[in-house]
Amino acid sequence: MSSDRSTWKIKSSRTANQAHNPIRAIVDQLKLNPNVTKSLISLSIGDPTIFGNFNVDPSINEAVAKQLNSYQANGYPPADGTLQARKAIAEANSVPSAPLAPSDVILANGCSGALEMCVNVLCNEGTNILLPRPGFSLYASLAATRFVEAKYYNLLPEKNWEADVAQMESLIDEKTSAILVNNPSNPCGSVYSREHLEAILKVAEKYHVPIISDEIYCDLVFEGNHFFPMATLTSTVPILAVGGLAKKWLVPGWRVGWIMIHDRNGVFAEINQGLHQLAQIILGPNSLIQAAIPDILEKTPASFFESTIQQLQDNVKLSVEALTPIDGLVPVNPQGAMYMMVGIEIEKFKDIENDVQFSAKLLDEENVVCLPGECFNYPNFIRLVITANRGRLEEAYQRINEFCARHRK
Ligand SMILES: Cc1ncc(COP(=O)(O)O)c(C=O)c1O
């Protein structure tokens, strides 16, 4: 035995050392000021349930209660999810241009778990993945902990956050393992047109790069916009589309997500098998909710979704109307999801140097929390979550207005 084992020398793994959540790292620097008496208004957490105004539909609770009382849904579900749940998801999302069989669906621990499996099956250490900038920070964290290089394609605020497709194309090389597209987007609230999605698909097709399409905000789109599942627009590009209950059904804590494997001409045969193998490692979401999925997908009334969208839309209108007149802020009108990016014209402020400082001072002086764009790899913007109720939003924007007036040159 070498002398190396003569004492305790325990080091954390390479994976743990790579694990980094930029949101936590930045948010942890934001400190509450104990001397501010104004109530705290948090516009930073993408959880629609925290204000009490976005509630789950009673039919969804009933679907779960039915399973709870049946005593039939307490055992280990199959590794890739119960057949009934996979069948329900396949049927709800199948269209002639993108057919899905139950075996094309895999249940996962939230959409996050689904994304993790997609990265695990497509990317090896040393490859690269194309990610949106600004983008949801989990993507970069997943890449980093797998020693996969993140290459960023730019989203353009002046084009409603469409991707710069030419720049995206320029990033692709021999080692590119996937392009990740998030539509509707967190943090941008953008919803892509058919033409734009087709332009991205054209690049993927030209270089034979598969797509991971994060569609967790599917159908959460405002009047005048339309959500196109990416897989319905191609007969050649293979796509792993991910979704879940978190946002559309307003139950992020239930941790139910799924992968829909859209093979094209058999090119995903190995990936399909690989995902089913990966699913064997950790069982997916809990058995009760899985058992309730067929009822949840079939029986949630359309009025529930309509009312969610109406509330979000009203909040967007209020937010844009309140923020647009504030000199120094440039809100970008969202078309869906639950977020809004607001540009900061830093040069107009006398004592604020960047978005992180803007957020820190806003919290310190006004007790309003918003995430600096830095959390999404996009400086000089802030991201607002627009799910608070009207009164709280109005109060927050009033405080932001006063804050900007105090700090403007
Ligand atoms: C774009 C995006 N993808 C995935 C997720 C993760 O979803 P889940 O809570 O189901 O893991 C989120 C959560 O905020 C998100 O914004």
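This is a predicted model, so every value here is computed, not measured.

(A) Summary view of the sheet that holds strand β2 (residues 105-109). Strand order in the open sheet formed by eight strands is β2-β9-β8-β7-β6-β3-β4-β5, and the pairing between neighbours is mixed. In the strand order of this sheet, the two ends are held by β2 and β5 (162-163), each with one partner. Note: strand β3 (residues 128-133) against strand β4 (residues 149-156), six bridges, orientation parallel. Following the sheet pairing, arginine 133 is matched in β4 by asparagine 154. In the packing of helix α4 (residues 83-93) onto the sheet, the strands contacted are β2 and β9 (256-262), and the crossing angle to β2 comes to about 115°.

(B) Spotlight on the domain arrangement of the chain. The assigned domain composition of the chain is domain 1 (12-55 + 303-407) and domain 2 (60-299). Computed from C-alpha coordinates alone, the two centres of domain 1 and domain 2 are separated by 26 Å. The interface of domain 1 with domain 2 comprises 37 residues on the first partner and 36 residues on the second. Taking both sides of the interface into account, the surface hidden between domain 1 and domain 2 amounts to around 3100 Å²; carbon and sulfur atoms contribute 63%. Remark: the boundary between domain 1 and domain 2 carries one salt bridge. Across the salt bridge formed by arginine 14 and glutamate 125, the nearest N and O atoms sit 3.2 Å from each other. At the boundary of domain 1 with domain 2, the tally comes to twelve residue pairs in polar contact (both at pLDDT 80 or more). Taken together, the elements giving at least two residues each to the side of domain 1 that touches domain 2 come down to α1 (14-18), α2 (22-27), α11 (302-323), β11 (339-344) and β14 (381-385). It is α11 that contributes the most residues to the side of domain 1 that touches domain 2, seven residues altogether. Its residues assigned to classes, the side of domain 1 that touches domain 2 comprises 21 nonpolar, 13 polar and three charged.

(C) Representation of the site of the ligand. Surveying the vicinity of the ligand reveals 14 residues, the closest of which are Cys111, Ser112, Asn186, Asp214 and Tyr217. Between the ligand and cysteine 111 there is a distance of 2.7 Å, counted from an oxygen atom to a backbone nitrogen or oxygen. Between the ligand and aspartate 214, the relevant distance is 2.6 Å, taken from a nitrogen atom to a side-chain nitrogen or oxygen of the residue. About the coverage of the ligand: the protein hides 92% of its 400 Å² of free accessible area. Per-element accounting of the shell around the ligand gives the leading share, four residues, to helix α5 (residues 110-122). Of the residues in the shell around the ligand, the class split is seven nonpolar, four polar and three charged.

Criteria and thresholds
- Residues numbered from 1 in each chain as written.
- Predicted model: local features only at pLDDT ≥ 70, side-chain atom pairs only at ≥ 80, totals over all residues.
- Heavy atoms only, no water.
- Pairing = 2+ DSSP bridges.
- Helix = DSSP H or I, 4+ residues; strand = E, 2+ residues; numbered from the N terminus.
- Contact = heavy atoms within 4.5 Å.
- Axes fitted to C-alpha atoms, helices over the stretch in contact; angles between N-to-C directions.
- Domains from an automatic or database assignment.
- Buried area = accessible area lost by both parts, 1.4 Å probe.
- Salt bridge = Lys/Arg side-chain N within 4 Å of Asp/Glu carboxyl O.
- Polar contact = N/O pair within 3.5 Å; in protein donor to acceptor, adjacent residues only side chain to side chain.
- Nonpolar A, V, L, I, M, F, W, Y, C, P; charged D, E, K, R; others polar.
- Near = heavy atom within 4 Å.
- Areas by Shrake-Rupley, 256 points an atom, 1.4 Å probe, with all protein chains shown as cover.

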